[in-house]
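This is what each chain is made of:
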Protein chains: 2
Amino acid sequence: MLTSARVTCGVAMASMLAAIVAGGTPAAAYEPIVEKKTFTMKDYTTVNGAPIPEVRVGWEAYGSLNEARDNVIVIPHFFSGTSHAAGRYSEEGARGYWDSIIGSGKPIDTDKYYVISVDSLVNLNVGSAQVVTTGPASINPETGEPYGMDFPIVEIGDFVRVQRRLLANLGIEKVHAVMGASMGALQAYDWAARYPDMVERVIPVIGNGFADPFLIGWLDIWAQPIRLDPNWNGGDYYGGDRPKAGLAAALKTVTLHAQNWPWAQKAFGRKWAAKDADPAKSFDNRYAVEAALDKVAKDRASSADANHFLYLVKANQLFIAGDAETPEAGLKAIDAPTLMLQAQGDLVFFPGLADQTQQMIESDGTPVARAQIPGDRGHLNGVLNIQSQAEKIRDFLNRTVGE
Amino acid sequence: MLTSARVTCGVAMASMLAAIVAGGTPAAAYEPIVEKKTFTMKDYTTVNGAPIPEVRVGWEAYGSLNEARDNVIVIPHFFSGTSHAAGRYSEEGARGYWDSIIGSGKPIDTDKYYVISVDSLVNLNVGSAQVVTTGPASINPETGEPYGMDFPIVEIGDFVRVQRRLLANLGIEKVHAVMGASMGALQAYDWAARYPDMVERVIPVIGNGFADPFLIGWLDIWAQPIRLDPNWNGGDYYGGDRPKAGLAAALKTVTLHAQNWPWAQKAFGRKWAAKDADPAKSFDNRYAVEAALDKVAKDRASSADANHFLYLVKANQLFIAGDAETPEAGLKAIDAPTLMLQAQGDLVFFPGLADQTQQMIESDGTPVARAQIPGDRGHLNGVLNIQSQAEKIRDFLNRTVGE
């Protein structure tokens, strides 16, 4: 039976929640203990021309940099993500989100490649001990207080320029590939458009080459609960109560938008959140899917910052690859062979817009390959089911450029 | 060029907004002036067993009831709709939402059929002069104050049972067809499941036969901004400031969810909301699509009620046709031949779930036909582009049952 109504629910919520946020344990994993490092740079000027006296971002790496310093794969992260793409920080720690494809002998083979991932500016999870970022929650050296909404607006291009500076600092001037999921895909397009002489391959996963107006509208929908929370207070809340309810509501929207209906039907059906609490009898009585989403959102909100969320929304809305005048110009600037991976049932980045992205990249002859990641999870298939594309990724990375 | 970035915007917003909320003027229209009538019933008991001392709902009709009283087509309305399906209340008034298919010589031919539409209980647009409904904004006769959240929870089945009582009052015991869009489709399934001996044909448009958990989750996302608005105050706001911001945010979510990306790309591209107001320069500077959605949402909120929105969300979450134990049982109870019309790019009711609905209705041999309404508007295609299915609807209504 596909759905069951008015049936009480005694299932353990924990396993469902785990299934929402993680993809299970891969067969083989990146084994060395991962160390989070910090990159600091002074006097950064944003794409928009605003100065930031000091930028600090966390980063981690897997594998070893070769002598020629040309075996580098950059993995920028998604909207609600961090630079923890593979391995774990301790024996008991959680594995990175793409651990299934990054490691010894895997498609992103740490025996061959030096894989670098960097926490974005205005990273959402600023409250996590393993995240280092600079944004509205950081101290403004001019005032000694958190920036709040006085922090300069930053763009996807700023995230990429900071990564570029870190690589320059490490003596790296060639990038074998940039590969990222969702907002990580936007950074991958941006890398290839901004530094076409440096980037040799690009693998954007579940992301299109520009923010289209439907996405711009949805990003605004994601953000609106934060502004409605009276504790948000125009972004000035660091000395008082934080807008936890608004932030959780925003994260709940993101969480659901990144899924699709088969997941909800299989995981929850029409089960109630609690036995003897018929949703028909009270507004307090809810369905299991609602309670699970609330729990996940509350958990995610605990290490997140509301202003950082708003800055991420803005950065994504502004996105055009390479900060060009138009999406067409930005994507035409890409010279690196491109492997675009879309997800079945993706409700955030639509296939029709991926077609446009492909055409814009191909407009001056740059080759684009495409594949679809199958699964019931919508947009999240790009994170949770990436291993389904393991051989395509391996082949693409092994290919000599121009081949 | 499909999109244009960083280009200032001087276009008239008014025409875009009109395109969002209406479908343009049909070639021919229902010409007689429509009169809104009121149906009052005492001592109604809900599906859930709760008493409502007095129920009042508005209704309107097009065409004439024949002597046999068997030429009736019932048109229940969608979530944010009213009973105004065709014609207009005055020479200058707005035409009903399905005026393109209801009228003399049209598929729902008012020369043949008597078409009835009824305002739902807990109708969203309680502030409109042309809407009559009973819900949390109504006066509780026990207290002399608005019910607020003390109003009983009502279900889709309650909307249908009230319509059934109105028809009984008019001496109608046979229904030639029930046809509705979105929440109107849910009522159409419910009519056919609840009164299988009475309903001869059913045409559910852009709606599936049960609330699946992904929809349940989205309905909760729609509702959450209302609860975040401090003016909502647990539903007790009728004597003070109303939760306008939360209600507008809720309606903005509904408005965007009912569209799809090609509409946004054609109507807005990446244009700015105002000339010289680059969204990269300030959080106050926005894109045209955001400003348009805000304007529509604010307009829609002006005649809407926040508690009514929450009650509608609950009714939709609870939906199983005929108030059966399971979706399977509810849809199996339907005996009327069914024409399901889905919309291209519908992000609210998905084709895969329409397949399940079809299978459940067909499980005991009831015939189901299907067709897709094309267009760029996602879910809204079912309202705005319904005339594309004119001949299918006409043929289905003309067919002798059992043929």
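Residues numbered from 1 in each chain as written. Chains lettered and ligands numbered in written order. Predicted model: local features only at pLDDT ≥ 70, side-chain atom pairs only at ≥ 80, totals over all residues. Heavy atoms only, no water.

### Let's talk about the relation of the copies chain B and chain A
Rotating chain B by 180° about the axis while translating it 0.0 Å along that axis superimposes it on chain A, leaving an RMSD of 0.0 Å. Here the copies are linked by what is in effect a two-fold axis. Both copies contact each other with a shared surface, as 99% of the interface residues of chain B are interface residues in chain A too. (Least-squares fit on C-alpha atoms with pLDDT ≥ 70 in both. Contact = heavy atoms within 4.5 Å.)

### A look at the sheet that holds strand β6 (residues 114-118) of chain B
By definition, the strands of a sheet pair up through backbone hydrogen bonds, in either a parallel or an antiparallel sense. Residues and elements named next belong to chain B. The mixed open sheet is built from eight strands, whose spatial order is β1-β2-β6-β3-β9-β10-β11-β12. Edge strands, defined here as strands with exactly one partner in the open sheet, are β1 (37-45) and β12 (368-373). Mean inter-strand twist for the sheet, computed between neighbouring axes without regard to direction, equals 20°. Across four bridges, strand β2 (residues 51-62) lies against β6 in antiparallel orientation. Paired with Glu 60 across the bridge in β6 is Ser 117. (Pairing = 2+ DSSP bridges. Helix = DSSP H or I, 4+ residues; strand = E, 2+ residues; numbered from the N terminus. Axes fitted to C-alpha atoms, helices over the stretch in contact; angles between N-to-C directions.)

### Quick look at the UniProt feature "domain: AB hydrolase-1" (unreviewed entry) in chain A
Sequence positions flagged by UniProt for "domain: AB hydrolase-1" (unreviewed entry) are, in local numbering, residues 155-379 of chain A. Between the end C-alpha atoms of residues 155-379 of chain A the distance is 22 Å, and the span holds 48% helix and 9% strand. (UniProt positions renumbered as here; feature names shortened; annotations may be inferred.)

### Some points on the interface of chain B and chain A
Many structure descriptions define interface size as the accessible area lost when the parts assemble. At the junction of the two partners, chain B supplies 68 residues and chain A supplies 68 residues. In total, about 6,000 Å² of surface goes out of reach between chain B and chain A, with carbon and sulfur atoms giving 65% of it. By the criterion of area lost to chain A, the three top residues of chain B are Phe214(B), Trp261(B) and Phe283(B), representing 14% of everything that side buries. Across the contact surface, chain B and chain A share four salt bridges. Across the pair Arg286(B) and Asp220(A) runs a salt bridge whose closest N-O atoms are separated by 2.8 Å. Sorting the residues of the side of chain B that touches chain A by element identifies α4 (213-228), α5 (244-257), α6 (261-267), α7 (288-301), α8 (306-317), α9 (327-332) and α10 (351-362) of chain B as the ones contributing at least two each. Split by residue class, the side of chain B that touches chain A holds 37 nonpolar, 17 polar and 14 charged. (Buried area = accessible area lost by both parts, 1.4 Å probe. Salt bridge = Lys/Arg side-chain N within 4 Å of Asp/Glu carboxyl O. Nonpolar A, V, L, I, M, F, W, Y, C, P; charged D, E, K, R; others polar.)

### Some points on the nonpolar core
With 200 residues, the main nonpolar core has Ile116(A), Trp191(A), Phe309(A), Ile116(B), Trp191(B) and Phe309(B) as its most contacted residues. Once you skip the residues sitting within four places of it in the chain, Ile116(A) turns out to touch Trp59(A), Glu60(A), Ala61(A), Val72(A), Ile73(A), Val74(A), Ile75(A), Leu166(A), Leu167(A), Leu170(A) and Ile172(A). (Core = buried A, V, L, I, M, F, W, Y, C linked by side-chain atoms within 4.5 Å. Buried < 20%, exposed > 50% of the residue type's maximum accessible area, 1.4 Å probe, protein only.)

### Notes on the pairing of β1(B)
Along any regular strand, the residues point their side chains to alternate faces of the sheet. Residues and elements named next belong to chain B. Two elements, β1 and β2, share eight bridges in a ladder whose sense is antiparallel. Residue pairing in the sheet places Lys 42 in a bridge with Glu 54 of β2. Where β1 folds back on β2, the antiparallel hairpin that results is connected by five residues, among which Gly 49 adopts a positive phi of roughly 95°.

### Concerning unusual backbone geometry
All names here are of chain B. At Val 122, a position not held by glycine, the phi torsion is positive, near 45°. As for its position among the elements, Val 122 is in the loop between β6 and β7 (139-140). Notably, Asn 233 is not glycine yet its phi reads approximately 55°, a positive angle. By secondary structure assignment, the location of Asn 233 is in the loop between α4 and α5.

### Brief notes about the sheet that holds strand β1 (residues 37-45) of chain A
Residue and element names in this part refer to chain A. Spatial strand order, β1-β2-β6-β3-β9-β10-β11-β12: eight strands in an open sheet with mixed pairing. Strands with a single pairing partner mark the edges of an open sheet, and in this sheet they are β1 and β12 (368-373). With strand direction ignored, the average angle separating the axes of adjacent strands in the sheet is 20°. In terms of strand pairing, strand β10 (residues 202-205) meets strand β11 (residues 338-343) through two bridges, oriented parallel. Bridged to Val 202 within β11 is Thr 338. Against the sheet, helix α3 (residues 183-194) engages β3 (72-74), β9 (177-181), β10 and β11, with an angle of about 155° to β9.

### Points about the pattern of salt bridges
Under the counting rule described, the total for this entry stands at 42 salt bridges over all chains. Of the charged contacts in the structure, one is a salt bridge between Lys252(B) and Asp220(A), with a shortest N-O distance of 2.7 Å. With Lys252(B) in helix α5 and Asp220(A) in helix α4 (residues 213-228), the pair connects residues from two separate chains. In this structure, Lys252(B) and Asp220(A) share a single accessibility class: buried. For Glu60(B), the salt bridge is made with Lys36(B), and the minimal N-O distance between the two is 3.3 Å. Of this pair, Glu60(B) sits in strand β2 while Lys36(B) sits in the loop between α1 (13-21) and β1; the two residues are 24 residues apart in sequence, bridging distant segments of the chain.

### Structural notes on helix α12 (residues 390-398) of chain B
Residue and element names in this part refer to chain B. For α12, the complete set of buried residues consists of Ala 390, Ile 393, Phe 396 and Leu 397. Mapping the buried residues of α12 onto a view down its axis gives an arc of 140°, with all of them on the same face. Among the structural elements, β3 (72-74), β5 (108-109), β9 (177-181), β10 (202-205) and β11 (338-343) are those in contact with the buried residues of α12. (Arc of directions from axis to C-beta.)

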